[in-house]
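Structural overview
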Amino acid sequence: MNRNADPLSDVLTEMCAKALVTWMTHSAQQGMPREELLIRGNDFVYALHANFVLLHDVLSETMEDIQQQSHKLEESIDILAQRLHSLGAEADNMVARIK
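Note that the structure is a prediction, hence the values are computed from the model and not measured. (Residues numbered from 1 in each chain as written. Predicted model: local features only at pLDDT ≥ 70, side-chain atom pairs only at ≥ 80, totals over all residues. Heavy atoms only, no water.)

1. A word on the pattern of salt bridges
Selection rule: Throughout this description, the term salt bridge denotes a Lys or Arg side-chain nitrogen within 4 Å of a carboxyl oxygen of Asp or Glu. The secondary structure listing takes helices from DSSP runs of H or I that are at least 4 residues long and strands from runs of E that are at least 2 residues long, numbered from the N terminus. Burial classes follow relative accessibility: with a 1.4 Å probe on protein chains only, a residue under 20% of its type's maximum area counts as buried, one over 50% as exposed, and anything between as partly exposed.
Inspection of every chain in the model, using the stated rule, returns two salt bridges. Here Arg40 ties to Glu36 by a salt bridge, and the two come within 2.9 Å at their closest N and O atoms. Of the two residues, Arg40 and Glu36 both sit in helix α2 (residues 34-98), four residues apart, roughly one turn of that helix. A residue is classified by how much of its surface remains accessible, and Glu36, at 29% relative accessible area, is partly exposed.

Right, here's the structure in full:
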């Protein structure tokens, strides 16, 4: 996937990296040995990545739904605008006939 076309992935990747750094810093301050940090860090990254992939999918679907609804609303507005224009023209014709 093109990175320029998917800013959501960039945001989620950055969030994942920040979460990993925060977790590793906290764990290191608690005196966790380096080897254990690496093992648990790998598990942490795997779980975090899986959650962000799921979140990305959900947000992408939500964005697609919003775009579809927006398109439908635009079509409805166009139809209503056309109908209003036509009613205005009919009203103008009726006023012209009365005069």
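2. Here's the deal with the UniProt feature "coiled-coil region" (unreviewed entry) in the protein
The criterion, for reference: UniProt positions are given in the numbering used here, feature names are shortened, and annotations may be inferred rather than shown by experiment.
The positions that UniProt labels "coiled-coil region" (unreviewed entry) are, in the present scheme, residues 56-83. The span residues 56-83 carries 100% helix and 0% strand; its end-to-end C-alpha distance comes to 40 Å.

3. As for α2
Condition: To estimate how far a helix should extend, the number of its residues minus one is multiplied by 1.5 Å.
With 65 residues, α2 ought to run about 96 Å at 1.5 Å a step, and its terminal C-alpha atoms sit 92 Å apart, in line with that. Every buried residue of α2 is accounted for by Leu37, Gly41, Leu48, Phe52, His56 and Ser60.

4. Comments concerning the side chain of His56
The following threshold applies: Contacts: residue pairs with any heavy atoms within 4.5 Å of one another.
Within the secondary structure, His56 is located in helix α2. Overall, His56 belongs to the buried group, its relative accessible area being 14%. Beyond its immediate chain neighbours, meaning those up to four positions away, His56 contacts Asp6, Leu8, Ser9 and Leu12.

5. Brief notes about the nonpolar core
Soluble, globular proteins show a tendency: their nonpolar side chains are buried together. Let me state the cut-off plainly: Put simply, a nonpolar core is a bunch of buried Ala, Val, Leu, Ile, Met, Phe, Trp, Tyr and Cys residues held in one set by side-chain atoms that sit within 4.5 Å of each other.
Listed in full, the five residues of the largest apolar core are Leu8, Leu12, Cys16, Leu48 and Phe52. Those elements that provide at least two residues to this core are α1 (7-29) and α2. It is α1 that provides the largest number of residues to this core, a total of three residues. Residues in contact with Leu8, not counting those within four places in the same chain, are His56, Leu59 and Ser60.

6. Topic: a negative patch on the surface
Here is the rule we go by: Residues form patches when they are more than 30% accessible in relative terms and have no salt bridge. Like charges link within 9 Å. Nonpolar side chains (Val, Leu, Ile, Met, Phe, Trp, Tyr) link within 5 Å. Surface accessibility follows the Shrake-Rupley procedure with a 1.4 Å probe radius. Residue values consider only the protein chains on display as shielding. Under this rule, positive means Lys or Arg and negative means Asp or Glu; His and the chain ends count for nothing. Every charge is mapped to an atom, namely NZ of Lys, CZ of Arg, CG of Asp or CD of Glu.
Negative charge collects at one region of the surface, where Asp57, Glu61, Glu64 and Asp65 lie side by side. Within the secondary structure layout, Asp65 lies in helix α2.

7. A few points about α1
In this model, α1 (23 residues) spans 33 Å end to end at C-alpha, consistent with the 33 Å of a helix rising 1.5 Å per residue. Taken together, the buried positions of α1 are occupied by Leu8, Leu12, Cys16, Trp23 and Ser27. Residues of α1 that are buried sit in contact with α2. Looking one or two places after α1, you find Gly31, whose phi comes out positive at around 85°.

8. Structural notes on the environment of Met24
Inspection of the secondary structure puts Met24 in helix α1. Residue class for Met24 comes out partly exposed when judged on its relative accessible area of 27%. C-alpha of Met24 to C-alpha of Ala89: the two residues are 65 residues apart in sequence and 70 Å apart in space.

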